[in-house]
Structures are given as structure tokens and as C-alpha cells.
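Architecture and fold: a report
What follows is each chain in one-letter form.
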Amino acid sequence: MKKTLKINKFKAKAVQQNVLGFFSKTTDSSMIEASINSGMDFVILDMEHGAITTETLKHHLMAVKGSNMVPIVRVDAWDSVLIEKALDLGALGIQVPSINHVKHVRGVINRAKFHPMGNRGVCRFVRAADYANQDRFEYFEESNSNLIILQLEGVEGVNSFEQIIEVEGIDIIFIGPYDLSQSVGYPGQLDHPEVLRIMENLIKKANDKNILLGTFCDTKESMIKWKNLGVKYLAYSVDITLFVEKLKELNKFRNEI
């Protein structure tokens, strides 16, 4: 499947229904490969809080090639060289944390997009261009369709929401609830009234402007809540955590029989 077609199908599904995925911190590419069979729409390969190196990332991206699952890479900062490295290796999108100002957004677009949208370093001898086997002009055009997902995680970013969404090239705005809870003085209290008020207000603004919004969920109840309020890009928990939870569930069952 052509990369642009895969991305367009993903965005269409997000608009019409929703898309569901998970964060990954594993360094074992066989886990990524196996997760294809789960039916998840996307995986966020975490280079901010995970131990993934660029070498590991390459193997993770190879593991999902040819599947319907969209590989997103969370980099570590808006001005990180990992933006270009992740895209060169074949990521179909980047997710960027701690976006607080319009200048951060423009910095991301500049690193992630080729001319005329940005100033991404030009090299077609990379995995994303099939090591120069893809037509160079097709590659440059196709690459500019890669997903740009921006995380608003603090009061500064929330207050800049209206200005941020005016920048061309953004596909999804992602609310990071844990960092947001810390920013307003209630770290980890995702159900605190102030955290919920801010998130619900942002969701209303995004829905009014037809902006795709995403967030992190680590319970089924929170996933249902945000889905019903119109959040389209739902990232559920972390692969290693899900693995442990399933084992604990099995152990509890063992003790009950």
C-alpha cells in the first residue's frame, strides 16, 4: 500500500469513527510485529520516555511494513534531530511533546516537511525512499503527507491553542493528561475537576473547529468517556504495562479456581 494512501485511510477513519492505538516502550521488534494481529490502528514508538534507539526504531518500523498499522514516533522535543531521523527511517508520523507556542509548531513543521512547507534536510538515500529506488520527486511530495501530531501538555500550550491550530500542516492535537495534571498542580490526578474542565473545554473548541483531537487513556472507562466526547485519536496505555496487566489477570484467575 502506498504510504500516502495508508495515511489518508487512517485520517478518514479518524474523522468518520476514531482510531485506537497504544504507546510502545519495548525494544523487542517481535512484539511490534505480533501487535499487528491485534487490529490496532496505530502504534506510538516512544523515544521520549522509552529506551528505543534509532537502530531499534529501524527494526520496529521494518516490523510493521506491509501492515495496516500506522507507525508514529514520539520524539523528545520540538527542535529534536530525531524528527528527521524518524521520518528518514520510515515513520508515517511524528508525535511531538511539550508544544507551548506557535514558534514550536513552526519549528516542527520546518524540520518535518520538505519545501514549500518546510526545510527538512534532503536525502533520498534513506529507508523511507527505499534507499533511492523511489522516484525522488514522488518521495518529496509523498513525505509531506506524513502525520504531524502535537502534544499540548501544560497551561502555556492550552492558552496558545487558538494560535497553534492556525499553523498549516497540523493533523492532530494530542492532550497529555498526566503532564497537564502536573501543570495545574495536581500531578497524576486525571479526574481532578480542574484537569477535566481544561480537557473538556479543549475538546469543545477542537470539535467546533473540526480539529482532530487525541489523548491518552489507561482505563476503559476513560477511553469510553473521551470517545463519547468526540476525541478521535485514542492512545491506550503502554505495551509492557498491558502485558503485565494480562499476566496479573491470569494470576488472579488462577487463585480463584
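Note: the structure precedes this text.
This one's a predicted model, so the numbers in the text were calculated from it and none came from an experiment.

1. Quick notes on the overall build of the protein
Looking only at helices and strands, one finds 12 helices and eight strands in the protein. At 18 Å, the protein has a C-alpha radius of gyration in line with the 18 Å of a compact globule built from 257 residues. Along the first, second and third principal axes, the C-alpha atoms of the protein reach 60 × 45 × 30 Å. Looking at the 257 residues of the protein, the share that counts as buried comes to 51%. Approximately 12800 Å² of the protein is accessible, and the part contributed by carbon and sulfur atoms is 52%.

2. Regarding the side chain of Asn18
Positionally, Asn18 belongs in the loop between α1 (3–16) and β1 (19–24). The residues contacting Asn18, other than those within four sequence positions of it, are Lys13, Asp41, Lys227, Val231, Lys232 and Leu234.

3. Details of the environment of Phe23
Here Phe23 lies in strand β1. C-alpha separation for the pair Phe23 and Met223, spaced 200 residues apart in sequence, amounts to 14 Å. Ignoring sequence-local partners within four residues, the contact set of Phe23 consists of Ile44, Asp46, Arg74, Gln95, Phe174, Phe216, Ala235, Tyr236, Ser237, Val238 and Asp239.

4. Notes on a nonpolar patch on the surface
Residues Ile240, Phe243, Val244, Leu247, Leu250, Phe253 and Ile257 make up a contiguous nonpolar surface patch of roughly 720 Å² in combined accessible area. One can find Val244 in helix α12 (residues 239–256).

5. A few points about the sheet that holds strand β4 (residues 93–96)
Across a sheet, strands are paired by hydrogen bonds formed along the backbone, either parallel or antiparallel in direction. Here eight strands make up a closed barrel; going around it, the order is β1-β2-β3-β4-β5-β6-β7-β8 and the pairing parallel. In this sheet, adjacent strand axes meet at a mean angle of 25° when their direction is disregarded. Judged from the four bridges that link them, strand β5 (residues 147–152) and strand β6 (residues 172–175) form a sheet pairing that is parallel. Pairing of Leu152 across the sheet is with Ile175, part of β6. Its contacts with the sheet put α12 on β1 and β8 (233–238), and the angle it makes with β8 is roughly 60°.

6. Notes on the pairing of strand β3 (residues 70–74)
Burial runs high along β3: five of the five residues are buried. Of the two faces of β3, both are covered, the one formed by Val70, Ile72 and Arg74 as well as the one formed by Pro71 and Val73. Bridge count for strand β2 (residues 42–46) against β3 is five bridges, and the pairing is parallel. Each bridged residue has a counterpart across the sheet, and for Phe42 the counterpart in β3 is Val70. Crossover connection from β2 via helix α3 (residues 54–64) to parallel β3: handedness right-handed. Here β3 runs beside β4; their pairing, made up of three bridges, is parallel.

7. Details of the nonpolar core
In terms of nonpolar packing, the biggest core is built from 53 residues, with Leu57, Ile94, Leu150 and Ile173 touching the most fellow members. Element by element, the count of residues in this core is highest for helix α10 (residues 193–208), at seven residues. Excluding its chain neighbours within four sequence positions, the residues that come into contact with Ile173 are Leu150, Leu152, Phe161, Ile164, Ile165, Ile211, Leu212, Leu213 and Gly214. Of all hydrophobic cores here, the second largest spans 19 residues; its members include Ala14, Phe42, Ile44 and Phe216.

8. Comments concerning the environment of Pro71
Within the element layout of this structure, Pro71 appears in strand β3. Assessed through its relative accessible area of 4%, Pro71 is described here as buried. Put simply, Pro71 and Leu87 are 16 residues apart on the chain and 10 Å apart in space, counted from C-alpha to C-alpha. Sequence-distant contacts of Pro71, defined by excluding residues within four places in its chain, comprise Lys6, Val43, Leu61, Val64, Gly90, Ala91, Leu92 and Gly93.

9. Considering α1
With 14 residues, α1 should reach 20 Å at 1.5 Å per residue; the first-to-last C-alpha distance of 20 Å fits that figure. Residues of α1 that are buried include every one of Lys6, Ile7, Phe10 and Ala14, and no others. Mapping the buried residues of α1 onto a view down its axis gives an arc of 95°, with all of them on the same face. Away from its buried face by more than 90 degrees, α1 exposes Val15 and Gln16.

10. Quick notes on the packing of aromatic side chains
Per the stated rule, a full pass over the model turns up nine aromatic pairs. Each ring, one from Phe114 and one from Phe140, has its centre 5.1 Å from the other, and the planes form 65°; the classification is edge-to-face. In this pair, Phe114 is assigned in the loop between α5 (102–112) and α6 (136–143) and Phe140 in helix α6, connecting sequence segments 26 residues apart. Residue classification places Phe114 among the buried residues on the basis of a relative accessible area of 3%. By way of ring pairs, the aromatic residues Phe10, Phe23, Phe42, Phe174, Tyr178, Phe216 and Tyr233 are connected into one cluster.

Rules and cut-offs
Residues numbered from 1 in each chain as written. Predicted model: local features only at pLDDT ≥ 70, side-chain atom pairs only at ≥ 80, totals over all residues. Heavy atoms only, no water. Helix = DSSP H or I, 4+ residues; strand = E, 2+ residues; numbered from the N terminus. Rg over C-alpha atoms; globule rule 2.2 N^0.38 Å. Buried < 20%, exposed > 50% of the residue type's maximum accessible area, 1.4 Å probe, protein only. Areas by Shrake-Rupley, 256 points an atom, 1.4 Å probe, with all protein chains shown as cover. Contact = heavy atoms within 4.5 Å. Patch = residues over 30% accessible without salt bridge, like charges linked within 9 Å, V, L, I, M, F, W, Y side chains within 5 Å. Salt bridge = Lys/Arg side-chain N within 4 Å of Asp/Glu carboxyl O. Pairing = 2+ DSSP bridges. Axes fitted to C-alpha atoms, helices over the stretch in contact; angles between N-to-C directions. Right-handed = clockwise from strand over helix to strand, strands pointing away. Core = buried A, V, L, I, M, F, W, Y, C linked by side-chain atoms within 4.5 Å. Expected span 1.5 Å × (residues − 1). Arc of directions from axis to C-beta. Phe/Tyr/Trp six-rings, centres within 6.5 Å; stacked < 30°, edge-to-face > 60°.

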